[in-house]
Amino acid sequence: MNILWDFDGTLFDTYPALVEGFVNLSQKDLDRSEVLTWLKIDSKTAFKHYGISEEQRIEYQKLHNHYSKLYSRPFDHLEDALAAGKNNIIVTHRDKESTIYLLEKFHLATYFKEIVSVEEQGFTRKPHRSSYEYVLKSHHIDLVVGDRDLDLIPARELQIKTVAFQNRNIEADFHIDSYADFITMVLNQL
């Protein structure tokens, strides 16, 4: 089983760090739960909603990567889900250095065959499918796991089965709220 994973909000609970980075960037006292709602759609939409220029994206990435190193943790039972996959690949908007840092910090790096950092490697941001097509040149992918629609849109376009993690409001072949259910509710159903 070859599985393509999103990172933020899918493998690791990075939303507290993403929210802190966003609030810090805005230099305003924003309602954190409202910020989270917008970020769960996507950062482009959140930037637009709060009137933050796209030119500040690099600063935002620096901030949320800084907070991620302090606060982010893998979701419970993730290691069991990763161990069940033959080849695991990450496609993320996060930079490769901070992705590797977090994987190594929690001893998960050995589970991954490849990490694709979308912008760093010159791909258009998800939901554009160019980064997924790049992965498909080297690996057959059986399943894509993500927490936002923008993670699953390219998979649906490429006719790959999808899993929505902790988000029942998006279209997917499977929906799970915990990786404790990943093997029974997803892998055993394929």
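The structure we're discussing is the one just above.
Throughout what follows, the structure given in this document is the object of discussion. (Residues numbered from 1 in each chain as written. Predicted model: local features only at pLDDT ≥ 70, side-chain atom pairs only at ≥ 80, totals over all residues. Heavy atoms only, no water.)

## Some thoughts on the packing of aromatic side chains
One pass over the full model with this rule turns up 13 aromatic pairs. Geometrically, the ring pair formed by Trp5 and Tyr179 is edge-to-face, given 5.9 Å between the ring centres and 65° between the ring planes. In this pair, Trp5 sits in strand β1 (residues 2-5) while Tyr179 sits in the loop between β8 (174-176) and α9 (182-185), placing the two residues 174 residues apart along the sequence. Given a relative accessible area of 0%, Trp5 falls into the buried group. Centre to centre, the rings of Phe12 and Phe106 are 5.7 Å apart; their planes meet at 65°, and the pair counts as edge-to-face. Residue Phe12 is found in strand β2 (residues 12-13), and its partner Phe106 is found in the loop between α6 (96-105) and β5 (112-117); the two are separated by 94 residues along the sequence. In terms of burial, Phe12 and Phe106 fall into one category: buried. Linked through ring pairs, Trp5, Phe75, Phe165, Tyr179 and Phe182 together constitute an aromatic cluster. Residue placement shows Arg57 over the ring face of Phe47; its charged tip is 4.6 Å from the ring centre. (Phe/Tyr/Trp six-rings, centres within 6.5 Å; stacked < 30°, edge-to-face > 60°. Helix = DSSP H or I, 4+ residues; strand = E, 2+ residues; numbered from the N terminus. Buried < 20%, exposed > 50% of the residue type's maximum accessible area, 1.4 Å probe, protein only. Lys NZ or Arg CZ within 6 Å of the ring centre and 35° of its normal.)

## Regarding unusual backbone geometry
If a residue is not glycine, its phi is most likely negative; likewise, a peptide bond is most likely trans. The peptide bond linking Lys126 to Pro127 adopts the cis configuration, its omega dihedral lying at 20°. The residue Pro127 is located in the loop between β5 and α7 (130-138) in this model. Not every positive phi belongs to a glycine, and Gln27 is a case in point at roughly 60°. Judged by its relative accessible area of 73%, Gln27 is exposed. Of note in the backbone geometry, Gln166 takes a positive phi value of approximately 50° without being a glycine.

## Section: the pairing of strand β6 (residues 143-146)
Burial along β6 is two-sided: Leu143 and Val145 and Val144 and Gly146, pointing in opposite directions, are all buried. Relative to β6, β1 runs parallel, the two being bridged by 3 bridges. Considered in β6, the bridge of Ile3 is made with Leu143. What joins β6 to strand β7 (residues 161-165) is helix α8 (residues 149-157), and the crossover it makes is right-handed. (Pairing = 2+ DSSP bridges. Right-handed = clockwise from strand over helix to strand, strands pointing away.)

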